[in-house]
Amino acid sequence: MTESAIRLQYSGFVIFAGKMFSVATGLAFQYMIARSTTAQEYGVWFNINDLLAYFTLLAGILPFWVMRFVARAEEGAVKTGVFANFMISVAAALIYASIVPLMVSALGVHEYVYLYLLVSLQIVEAHLNNAFEACLRAKKPQALGYGAFIGEIVKVSLGYLLIFKFQRSLEGAIISIILALGVQIVYYGKLLAEELKQSIRWAYIREWLKGSLVNVYSALGNQIAAFIFIMLFTYGGEAARGNYGAAAQIANIITYSNFLAFALYPKLLAKNDSRDIPTSFKTVLMFAIPMTVGVLVMPDLYLAILKEEYMKASQVLIVLAVDAFVATLSTIFSFVLFGLEKIDEGARISLRELFKSRIFMAYSLSYIHSAITIPVTFYVLTTYALDPVQSALSVAIINSSARFAMFLLLYAMVRKMVRIAAPWMNVAKYVFASAIMGCVLYALREMMHPSRVYQILGLTAFGGAFYLMLLMIIDKDTRTLAKLAWQEIMHRWV
C-alpha cells in the first residue's frame, strides 16, 4: 500500500470512533469492576496493571521500527516483526510468573496471588497486539478502529457475564480482557494473512535490535516515571491509588482525541510533507478542547458513574483533565518529530546517528520527568499526614506539572525541525464554542441535579451535540468536514 492509500482524516475518524466507543464500553467495564469491589480491591486492580506494565515495557520496542519499515514497504517486515515480538513475549511472561510470589509477598497481598499470575497471559497478548497494530498502522490505520470495536464488544459482554452474573469481580475482569485481546489478535492476523506468508528477514531483526537500544532507553524511562504510582499505593494506601485510578479513567478519555491524528505519523514517514500537520492539529483540537471543558464542568458527576464514593476525588480529576489535554498535544508533536526523522531510511540504522538524533532527545524527556517527580512525590507522601484523596491530588499535581515542563521542551525540539502554521482562528472558535457549551452544561446540572448514570451520559450527549451544532454555525471548516464525513458514510455503507 502506498502512502496515497493512507487517508488522513478518514483513518483518524474511524480510529477515533472506535476509541470513543471504547469510552462507553470502558466506563461500563470499570463501572462493573468498581461496583463489585471494595475500595481496597479496586486499588489492587490498578496495582496489578501497574506491575504488568513493567513486563510489557518491551512490547512496543521492536514495533516502533517495524511500523517504520512496513510504511516504507520493506518486504518481510510484517512477519519478521510479529515473530520477533512473540519470542520476546514468551521470555517476559516466564520471568513475570517466576517472581510473582516475591512481589505479592512484598506488597502484602498474598490472597490475590492467583490474579497476579493470571495476567501473565496478557503479557504475550500485549506483545502480539503491539506488533500487529504497528503493521496495520503503516498499511491501513482504520483497521485499528474496527479492531477496537470488536475487542470492546467482546470484553464488555464477557465482563457482564463473569463480573455480574457469576460474581467473579477481579478474576472475571482479567479473563474478559484476555479473551477480548485474543479475538482482536485473530482479526488482525486475518487482515495481514498475505504478509505473514512472506519470509522472515533476519537482517531486519539485527537492525531493529540496534535501533531498539534507544527504545529500551525510552521504555525504562517511562516505567521509572510510573514508579510514583507504586509509591502512591505503598505510602498513600490502596484507597489513594483507587482514587487516582478512578479519576484517571475519566481524564484519559480526553487523550483519545489524538487518535484523530493517528495516520499522520505513517504518512509523514511515507512522504515527508508537512502540509498535513495543521490539518491534524485542527481535527484533534476540535474534540480535545470541548472534552476537557466538559470534564472540568462536571468532574464529580463523571466520577459518580464509577461509584459515588469516588466523587470526593473531583479535584484530582480536574488536575488530570488539564494534564490529559497537555498529553494530547505532546502526542501530536511526537508524531511530527518521529515522522520527520529519517534516521532509518534504506532499512539501515546507524547507532552513532541514532544517539545524536531528536528521537533520542525526545526519549530522554522521561528521565528528566522522573528526576522531578520521584523525589518530590517521596518527600510529600512520607512527610505529610495526607488522607487518600489528598495523597492522590498531590501526586496528580506533581506529575502534571512535570509533564507540562516536558511538553515545552518537546515543542522547542519540533520547532527546530519544521515550521508549523498554527490554526489560531480555528482554535479560537473551538474555545468559544466550548466555553458556551460549558456554561450551558453547568446551568443544566444545577437545574437537573442528575444522579443516575443515564442522566449524566444524556447530559454529556446533549453538550456534545450543542457544541457541534454551534461550531458548524460559526466555522466553515467544520461544515466542510461534516459534509465530507457524510459523503464517506453514504459511499461506503449505502
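Residues numbered from 1 in each chain as written. Predicted model: local features only at pLDDT ≥ 70, side-chain atom pairs only at ≥ 80, totals over all residues. Heavy atoms only, no water.

**Notes on the overall build of the protein chain**
Thought 1: Each helix and strand counted, the protein chain has 22 helices and zero strands in total.
Thought 2: Its C-alpha atoms give the protein chain a radius of gyration of 22 Å, near enough to 23 Å, the size a compact globule of 494 residues would have.
Thought 3: By its C-alpha atoms, the protein chain is 60 × 60 × 45 Å across when sized along the principal axes.
Thought 4: The buried share among the 494 residues of the protein chain stands at 55%.
Thought 5: Within the protein chain, contacts between residues separated by at least 24 positions form 85% of all contacts whose residues are at least 6 apart in sequence.
Thought 6: Just so you have it, the protein chain exposes about 21,300 Å², and 65% of that area is on carbon and sulfur atoms.
Thought 7: If the 40 positive side-chain charges of the protein chain are averaged to one point and the 29 negative ones to another, these points end up 7 Å apart. (Helix = DSSP H or I, 4+ residues; strand = E, 2+ residues; numbered from the N terminus. Rg over C-alpha atoms; globule rule 2.2 N^0.38 Å. Buried < 20%, exposed > 50% of the residue type's maximum accessible area, 1.4 Å probe, protein only. Contact = heavy atoms within 4.5 Å. Areas by Shrake-Rupley, 256 points an atom, 1.4 Å probe, with all protein chains shown as cover. Lys, Arg positive; Asp, Glu negative; His and termini not counted. Charge placed at Lys NZ, Arg CZ, Asp CG, Glu CD.)

**Observations concerning the packing of aromatic side chains**
Thought 1: Under the defined criterion, the tally for this structure stands at 23 aromatic pairs.
Thought 2: Plain terms: the ring middles of Y204 and W208 are 5.9 Å apart, the flat faces sit at 35 degrees to each other, and that makes the pair tilted. Residue Y204 and its partner W208 are both found in helix α9 (residues 202–225); the two are separated by four residues, about one turn of the helix. For the pair shown, Y204 and W208 are each scored as buried.
Thought 3: Clustering of aromatic rings is evident, with ring pairs tying together F281, F333, F404, F407 and Y411. (Phe/Tyr/Trp six-rings, centres within 6.5 Å; stacked < 30°, edge-to-face > 60°.)

**Quick notes on helix α6 (residues 120–139)**
Thought 1: Compared with the 28 Å implied by 1.5 Å per residue over 20 residues, the 30 Å span of α6 between its first and last C-alpha is a close match.
Thought 2: Among the 20 residues in α6, 16 count as buried, and that is most of the element. (Expected span 1.5 Å × (residues − 1).)

**So, the packing of helix α20 (residues 424–448) against helix α21 (residues 453–474)**
Thought 1: Packing of α20 against α21 leaves a shortest axis separation of 9 Å and a crossing angle of 145 degrees. The handedness of the crossing between α20 and α21 comes out as right-handed. Between α20 and α21, the residues in contact are K429, Y430, F432, A433, S434, I436, M437, V440, L441, L444, R445 and M448 and L459, F462, G463, F466, Y467, L470, L471 and I474, respectively. (Axes fitted to C-alpha atoms, helices over the stretch in contact; angles between N-to-C directions. Left-handed = near helix turned anticlockwise from the far one by under 90°.)

**Quick look at the packing of helix α2 (residues 39–55) against helix α8 (residues 169–191)**
When two helices pack together, their arrangement is captured by the angle between the axes and the distance separating the axes.
Thought 1: It is the contact of α2 with α8, at a shortest axis distance of 11 Å, that shows an interaxial angle of 30 degrees. Between α2 and α8, the angle is such that the two are roughly parallel. Pair α2 / α8 crosses with right-handed handedness. Within the contact between the two elements, α2 uses E41, V44, W45 and I48 and α8 uses L170, A173, I174 and I177.
Thought 2: Residues of the contact of α2 with α8, tallied by class, amount to seven nonpolar, no polar and one charged. (Parallel < 35°, antiparallel > 145°, perpendicular 65-115°, else oblique. Nonpolar A, V, L, I, M, F, W, Y, C, P; charged D, E, K, R; others polar.)

**Quick notes on the side chain of K307**
Thought 1: Mapped onto the fold, K307 is located in the loop between α14 (299–306) and α15 (314–340).
Thought 2: Side-chain polar atoms of K307 contact the backbone oxygen of A34, separated by 3.2 Å.
Thought 3: Setting aside residues up to four positions removed in sequence, K307 forms contacts with A34, R35 and T37. (Polar contact = N/O pair within 3.5 Å; in protein donor to acceptor, adjacent residues only side chain to side chain.)

**Structural notes on a nonpolar patch on the surface**
Thought 1: Side chains of F83, F86, M87, V90, L94 and W202 sit close together on the surface and give an oily, nonpolar patch of about 590 Å² of accessible area.
Thought 2: Residue contributions to the nonpolar patch peak at five residues, all from helix α4 (residues 77–107). (Patch = residues over 30% accessible without salt bridge, like charges linked within 9 Å, V, L, I, M, F, W, Y side chains within 5 Å. Salt bridge = Lys/Arg side-chain N within 4 Å of Asp/Glu carboxyl O.)

**Details of the environment of L301**
Thought 1: If you trace the backbone, L301 turns up in helix α14.
Thought 2: Under the relative-accessibility criterion, L301 is labelled buried at 6%.
Thought 3: Expressed as a C-alpha distance, the spacing of L301 and P450, which sit 149 residues apart in the sequence, is 7.8 Å.
Thought 4: Sequence-distant contacts of L301, that is, excluding residues within four places in its chain, are made with R445, P450 and I456.

**Side note on unusual backbone geometry**
Thought 1: Of note, the phi angle at Q167 is positive, near 55 degrees, even though the residue is not glycine.
Thought 2: Positioned with a positive phi, S169 is a non-glycine residue whose angle comes to about 40 degrees.
Thought 3: When you line up the elements, S169 lands in helix α8.
Thought 4: On the basis of relative accessible area, S169 is assigned to the buried category, the value being 18%.

**Overview of the side chain of Q223**
Thought 1: Tracing the sequence through the fold places Q223 in helix α9.
Thought 2: Residues contacting Q223, with those up to four places away along its chain left out, are D50, A53, Y54 and L57.

**As for the environment of Y31**
Thought 1: Following the sequence through the fold, Y31 ends up in helix α1 (residues 8–35).
Thought 2: Classification of Y31 as partly exposed rests on a relative accessible area of 26%.
Thought 3: Those residues in contact with Y31 that lie beyond four places of it in its chain are F164, I305, L306 and V453.

**Side note on the nonpolar core**
Thought 1: Core analysis: the largest hydrophobic core is formed by 150 residues, its most contacted members being Y42, W45, Y116, W208, Y244 and V316.
Thought 2: If one sorts the elements of this core by residue count, α15 sits on top with 15 residues.
Thought 3: Here W45 is in contact with F29, Q30, I33, L170, A173, I174 and I177, once residues within four sequence places are set aside. (Core = buried A, V, L, I, M, F, W, Y, C linked by side-chain atoms within 4.5 Å.)

**A short note on helix α7 (residues 142–165)**
Think of an α-helix as turning once every 3.6 residues; residues three or four places apart then point the same way.
Thought 1: With 24 residues, α7 extends 34 Å from end C-alpha to end C-alpha; this agrees with the ideal 34 Å at 1.5 Å per step.
Thought 2: Along α7, the residues classified as buried are A143, L144, G145, G147, A148, G151, E152, K155, V156, G159, L162 and I163.
Thought 3: Remark: Q167 follows α7 within two positions and exhibits a positive phi of approximately 55 degrees.

**With respect to the pattern of salt bridges**
Where charged atoms of side chains with opposite charge meet at close range, the side chains can pair.
Thought 1: Evaluated as defined, the whole model comprises eleven salt bridges.
Thought 2: Of the charged contacts in the structure, one is a salt bridge between E75 and R201, with a shortest N-O distance of 3.9 Å. Placement of the pair is E75 in the loop between α3 (61–71) and α4 and R201 in the loop between α8 and α9, with a sequence separation of 126 residues.
Thought 3: We classify E75 as partly exposed; its relative accessible area is 48%.
Thought 4: With its nearest N and O atoms 2.5 Å apart, the salt bridge here joins D323 to R403. Residue D323 is located in helix α15, and its partner R403 is located in helix α19 (residues 388–417); the two are separated by 80 residues in the primary sequence.
Thought 5: The buried category is assigned to D323, whose relative accessible area is 7%.
Thought 6: Sharing partners across several salt bridges, the network here consists of D300, R445 and E446.

What is shown is where atoms sit, not what they do.
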